[in-house]
Amino acid sequence: MVHPLWCAVPTAALWWPSTLLAPPRWLPLALLVAWLGVLLSVVDFRHRRLPDAMTLPAYPLVGLALWWAGADPWRAVAGAALFFGFHLAVRLLAPSAMGGGDVKLAGPVGAVLASVSWWALPAGAVVASAVTLVVVTPVAASRRRAGGVPHGPGLLTAAWLAVLSAG
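> Where do I start with the overall build of the chain in this structure?
Each helix and strand in the chain was counted, giving eight helices and zero strands. What you see in the chain, going N to C, is helices and strands ordered as α-α-α-α-α-α-α-α. Per-residue burial for the chain yields a buried fraction of 45% across its 167 residues. Partitioning the contacts of the chain with sequence separation of at least 6, the portion at a separation of at least 24 is 74%. A total of about 8,600 Å² of accessible surface is found on the chain, and carbon and sulfur atoms cover 74% of it.

> Explain a nonpolar patch on the surface here, please?
Residues Trp 15, Trp 35 and Leu 61 make up a contiguous nonpolar surface patch of roughly 280 Å² in combined accessible area. Locating Trp 35 in the fold gives a position in helix α2 (residues 27-47).

> Hey, could you run me through the pattern of salt bridges in this one?
Two side chains of opposite charge can pair, provided their charged atoms sit close to one another. With the rule as written, the count across this model stands at one salt bridge. Where Lys 104 meets Asp 52, a salt bridge forms, and the shortest distance between an N and an O atom there is 2.4 Å. Of this pair, Lys 104 sits in helix α6 (residues 100-116) while Asp 52 is found in helix α3 (residues 52-55), placing the two residues 52 residues apart along the sequence. Lys 104 gets classed as partly exposed once you look at its relative accessible area, which sits at 26%. By relative accessible area, Asp 52 is classed as partly exposed at 37%.

> Help me out: how do you make sense of the packing of α6 against helix α8 (residues 152-164) in this one?
The description of two helices packed together rests on the angle between their axes and the distance between the axes. Relative to each other, α6 and α8 sit at 15°, their axes nearing to 9 Å. One way to sum up the angle between α6 and α8 is to call them roughly parallel. The chirality of how α6 crosses α8 is left-handed. The segment α6 lies against α8, with Asp 102, Leu 105, Ala 106, Val 109, Val 112, Leu 113 and Val 116 engaging Gly 152, Leu 155, Leu 156, Ala 158, Ala 159, Ala 162 and Val 163.

> Where do I start with the packing of helix α5 (residues 73-93) against α6 in this structure?
In contact at an axis separation of 6 Å, α5 and α6 are set at 145° when each is read in the N-to-C sense. In this structure, α5 meets α6 at a crossing whose hand is right-handed. Contacts between α5 and α6 involve Arg 75, Ala 76, Gly 79, Ala 80, Phe 83, Phe 84, His 87, Leu 88 and Arg 91 on the former and, on the latter, Gly 100, Val 103, Lys 104, Ala 106, Gly 107, Val 109, Gly 110, Ala 111, Leu 113, Ala 114, Ser 115 and Val 116. Class assignment for the residues of the contact of α5 with α6 results in twelve nonpolar, six polar and three charged.

> Any chance you could explain α2 here in plain terms?
It helps to recall that an α-helix has 3.6 residues per turn; residues three or four apart then point in one direction. Under the 1.5 Å per step criterion, the end-to-end length of α2 is 30 Å for 21 residues, consistent within 8% with the ideal 30 Å. One or two positions beyond α2, positive phi appears at Arg 48, with a value near 55°.

Thresholds, definitions, all that
- Residues numbered from 1 in each chain as written.
- Predicted model: local features only at pLDDT ≥ 70, side-chain atom pairs only at ≥ 80, totals over all residues.
- Heavy atoms only, no water.
- Helix = DSSP H or I, 4+ residues; strand = E, 2+ residues; numbered from the N terminus.
- Buried < 20%, exposed > 50% of the residue type's maximum accessible area, 1.4 Å probe, protein only.
- Contact = heavy atoms within 4.5 Å.
- Areas by Shrake-Rupley, 256 points an atom, 1.4 Å probe, with all protein chains shown as cover.
- Patch = residues over 30% accessible without salt bridge, like charges linked within 9 Å, V, L, I, M, F, W, Y side chains within 5 Å.
- Salt bridge = Lys/Arg side-chain N within 4 Å of Asp/Glu carboxyl O.
- Axes fitted to C-alpha atoms, helices over the stretch in contact; angles between N-to-C directions.
- Parallel < 35°, antiparallel > 145°, perpendicular 65-115°, else oblique.
- Left-handed = near helix turned anticlockwise from the far one by under 90°.
- Nonpolar A, V, L, I, M, F, W, Y, C, P; charged D, E, K, R; others polar.
- Expected span 1.5 Å × (residues − 1).

Right, here's the structure in full:
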């Protein structure tokens, strides 16, 4: 089980810049993505998986926050489908490169990215990959645990940064 302080302190640390940088109508989404980012990242680092019980509820939560922000619902659905499809293709072509939880998480992340901008989709893919390579891989290697490198933290970082730049 994850201790609540493992999530509360980092979430608070992300909520503070969110309140300063996110445009007002995007603030609930920024806070949600920060909270999900911390929670899912802790689980991904500790267990090397993103369980359905955590990734699937992200779809309606992100959808509600996007609706609150006034985002175009069709654009969000298209972004979710594109990002999900891209990650599914990577998973099918190289199963060891990406877990199923990462693929499921790509849907809500794609919805967020596309709602901010169509350009945020490829930029988000680059940011997610860079975070995974530069930050997550050394941390994962230092823990010397078997299994793949968590990609969820990179995906969620890209989504959070996109929301902060929205407007």
